[in-house]
Amino acid sequence: MPKEIYLVKVGMNMTEGVVEEWYIADGATVDKGELLYRLETEKVNLDVDAETSGIVKHLVGEGVTMKPGDVVGYIYAADETIPDVLPQTQAAAESVAESAPAAASPARPAASSTADGRILSSPAARRLAGELNVDIAVLNGSGPGGRIVEADVQAAADAAPPTAAPSPSSPAAPSPSSPMARKLARELGVDLARVRGTGPGGRITKEDVERAAAAPPAPAAAPVFASGEDRVVPVRGMRKTIAARMFESLHSSAQLTMDMDANMDDAVKLRNQLVDEWRDEGVRPTYTDLVIRAAAKALERHPLMNSVFGETEMTLRGDINVGMAVALEEGLIVPVVRHANRLSMKELARESGRLAQAARDGALTPDDLQDGTFTVSALGMFGVDAFTPIINAPQSGILGVNRLRDDLKWVGEVPMKTQVMRLSLTWDHRALDGAPAAQFLATVRELLEAPFRLLV
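Residues numbered from 1 in each chain as written. Predicted model: local features only at pLDDT ≥ 70, side-chain atom pairs only at ≥ 80, totals over all residues. Heavy atoms only, no water.

## Some points on the overall build of the protein
Right, so step 1: A tally of helices and strands in the protein yields ten helices and 18 strands.
Right, so step 2: Each of the 456 residues in the protein was classed as buried or not, and the buried ones make up 42%.
Right, so step 3: When contacts within the protein are restricted to residue pairs at least 6 apart in sequence, those whose partners lie at least 24 apart make up 60%.
Right, so step 4: Summed over all atoms, the accessible surface of the protein reaches about 24,200 Å², with 54% contributed by carbon and sulfur. (Helix = DSSP H or I, 4+ residues; strand = E, 2+ residues; numbered from the N terminus. Buried < 20%, exposed > 50% of the residue type's maximum accessible area, 1.4 Å probe, protein only. Contact = heavy atoms within 4.5 Å. Areas by Shrake-Rupley, 256 points an atom, 1.4 Å probe, with all protein chains shown as cover.)

Put into structure tokens, the structure is as follows:
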């Protein structure tokens, strides 16, 4: 019996995902533990390893939307007979059928695409299209469901008029590359089209990517657009998910926002002292770390803010896991500081630093994104004085961190300079009313104004 390859479930809230890239070609051999495919979900991308050794057969192509747990392929043992037609699961058949539009003609159906605009094409077809400089978006697919295959690409290349040779400055089509090289290239931001492979047959290796990353970067040419030209940007991936989640959050809960100023004079002194104290250990606490710590301690006293509101009951969460919103170029992601109320200030700062760096590097794990019970979102670094954060459903609250600003306070009749931070709390009015929400926010403020209590 062949070993089924499943679409891995990442997190409790994952509802769909796609095989972004098959690392092992259809019919090729894989070893146990070798990278098998790259999973793309609404929150994170993940490299999936093979659970056994054998011959890989793809049941679905790259870019086909599936549900977690669906079968996307099989691994056959070396001595097994591989059927001409693979066992087709209902989920795979339905996903491919839903992704394929009506055929342009009975003899040659148009290339199908998924809901987010991905063209259905085989890995070999895309590889050949890159080598022959063929735009697969304009091709008609002759494969099942309008899928573009190698023959379609070759026919388009044969029919195309000859083109001038590319200039020396033009990037060449990417050479074949190993899965490890592609993974490392993503992590280091290396364009494989500009890497010369030194492996067999010009194959790009891990060492080639490392050399390219160490080389001085070439100046990038700015994109040129005609004056007044509109640009259409596909809404997909993380951006699509954020849009859907924010819309759903606002329409499924009763959200209100209140602001409150916290005097940060003592917090600024404490933070500067901790930066000096922990410098040799590589730990650099931020003001957001102080707010996360204060929020975690406040949640212990105000459990309604650490709740999930259901149709017939409320659940007061036993753990306090604070999500920290991290802004990336492609959107917002919220890794979670687990058991934030139990961590020391140093442990919390170290963990938040790890999560922020992993988010920027695309190295977050599924566990890093699960089980948040409250969220802290910071925009102070952009000079923001106040904003209205949207709750990360199904949580009941989110705390916005604004900029540290100079202000005045009165000591008797004498005005004195002080530093103030405005805190913006959005809460679900279904779970708690304005007074208990204000009490929670006041507790956060009190802890920041007497920050030594954050160290105990």
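## Focus on the sheet that holds strand E9 (residues 255–263)
Right, so step 1: Read from one edge to the other, the open sheet built from six strands follows the order E9-E18-E17-E16-E12-E15, with strand pairing classed as mixed. Strands with a single pairing partner mark the edges of an open sheet, and in this sheet they are E9 and strand E15 (336–337).
Right, so step 2: Lying on the sheet, helix H8 (residues 287–301) is in contact with strand E12 (322–324), strand E16 (374–378), strand E17 (397–411) and strand E18 (414–428); it crosses E16 at an angle near 155°. (Pairing = 2+ DSSP bridges. Axes fitted to C-alpha atoms, helices over the stretch in contact; angles between N-to-C directions.)

## Considerations on the nonpolar core
Right, so step 1: The biggest cluster of nonpolar side chains holds 76 residues, and the ones touching the most others in it are Leu36, Leu399 and Leu448.
Right, so step 2: The greatest single-element share of this core, amounting to eight residues, is contributed by H8.
Right, so step 3: Aside from chain neighbours lying at most four places away, what touches Leu448 is Ala262, Asn263, Met264, Ala267, Leu290, Val291, Ala294, Leu423 and Leu454. (Core = buried A, V, L, I, M, F, W, Y, C linked by side-chain atoms within 4.5 Å.)

## What to know about the pairing of strand E2 (residues 17–22)
Right, so step 1: Counting buried residues in E2 gives five out of six residues, a clear majority hidden from the surface.
Right, so step 2: For E2 and strand E4 (residues 35–41), the ladder comprises five bridges, and the chain directions are antiparallel. Counterpart to Trp22 in the pairing with E4 is Tyr37.
Right, so step 3: Here E2 pairs with strand E7 (residues 65–66) via two bridges, running antiparallel. The residue of E7 that forms the bridge with Val18 is Thr65.

## Points about the pairing of strand E6 (residues 54–58)
Right, so step 1: For E6, the tally of buried residues reaches four of five residues, placing the bulk of the element in the interior.
Right, so step 2: Pairing of strand E3 (residues 29–30) with E6 involves two bridges; the strand directions are antiparallel. Of the residues in E6, the one forming a bridge with Thr29 is Ile55.
Right, so step 3: Bridge analysis of E6 against strand E8 (residues 71–76) gives four bridges, and the strand direction is antiparallel. Paired with Ile55 across the two strands is Tyr76, which belongs to E8.

## Remarks on the packing of H8 against helix H10 (residues 434–449)
Describing two packed helices takes the angle between their axes plus the distance from one axis to the other.
Right, so step 1: The N-to-C vectors of H8 and H10 enclose an angle of 130°; their axes lie 9 Å apart at closest approach. By the angle between their axes, H8 is oblique relative to H10. Helix-helix and strand crossings are classified by hand; for H8 and H10 the assignment is right-handed. Note on element contacts: H10 touches H8 through Phe440, Thr443, Val444, Leu447 and Leu448, opposite Leu290, Val291, Ala294, Ala295, Lys297, Ala298, Leu299 and Arg301.
Right, so step 2: For the contact of H8 with H10, the per-class residue count stands at ten nonpolar, one polar and two charged. (Parallel < 35°, antiparallel > 145°, perpendicular 65-115°, else oblique. Left-handed = near helix turned anticlockwise from the far one by under 90°. Nonpolar A, V, L, I, M, F, W, Y, C, P; charged D, E, K, R; others polar.)

## Quick notes on the environment of Val64
Right, so step 1: Counting through the fold element by element, Val64 comes out in the loop between E6 and E7.
Right, so step 2: It is 6.9 Å that separates the C-alpha atoms of Val64 and Val19, two residues lying 45 residues apart in sequence.

## Some points on H10
Right, so step 1: For H10, which comprises 16 residues, the first-to-last C-alpha distance of 22 Å matches the rise-based estimate of 22 Å (1.5 Å per residue) to within 8%.
Right, so step 2: Buried residues of H10: Ala437, Phe440, Leu441, Ala442, Thr443, Val444, Leu447 and Leu448, and no others.
Right, so step 3: Elements in contact with the buried residues of H10: E9, helix H7 (265–277), H8, E16, E17 and E18. (Expected span 1.5 Å × (residues − 1).)

## As for the sheet that holds E4
Right, so step 1: The strand order across the open sheet built from four strands is E5-E4-E2-E7, with neighbouring strands paired in antiparallel fashion. Lying at the two open borders of the sheet, with one neighbouring strand each, are strand E5 (45–49) and E7.

## Looking at the pattern of salt bridges
Right, so step 1: The final tally for this structure, using the stated rule, is 20 salt bridges.
Right, so step 2: As a salt-bridge pair, Arg422 and Asp261 come within 2.9 Å of each other at their nearest N and O atoms. Placement of the pair is Arg422 in strand E18 and Asp261 in strand E9, with a sequence separation of 161 residues.
Right, so step 3: On the basis of relative accessibility, which here comes to 28%, the residue Asp261 falls in the partly exposed class. (Salt bridge = Lys/Arg side-chain N within 4 Å of Asp/Glu carboxyl O.)

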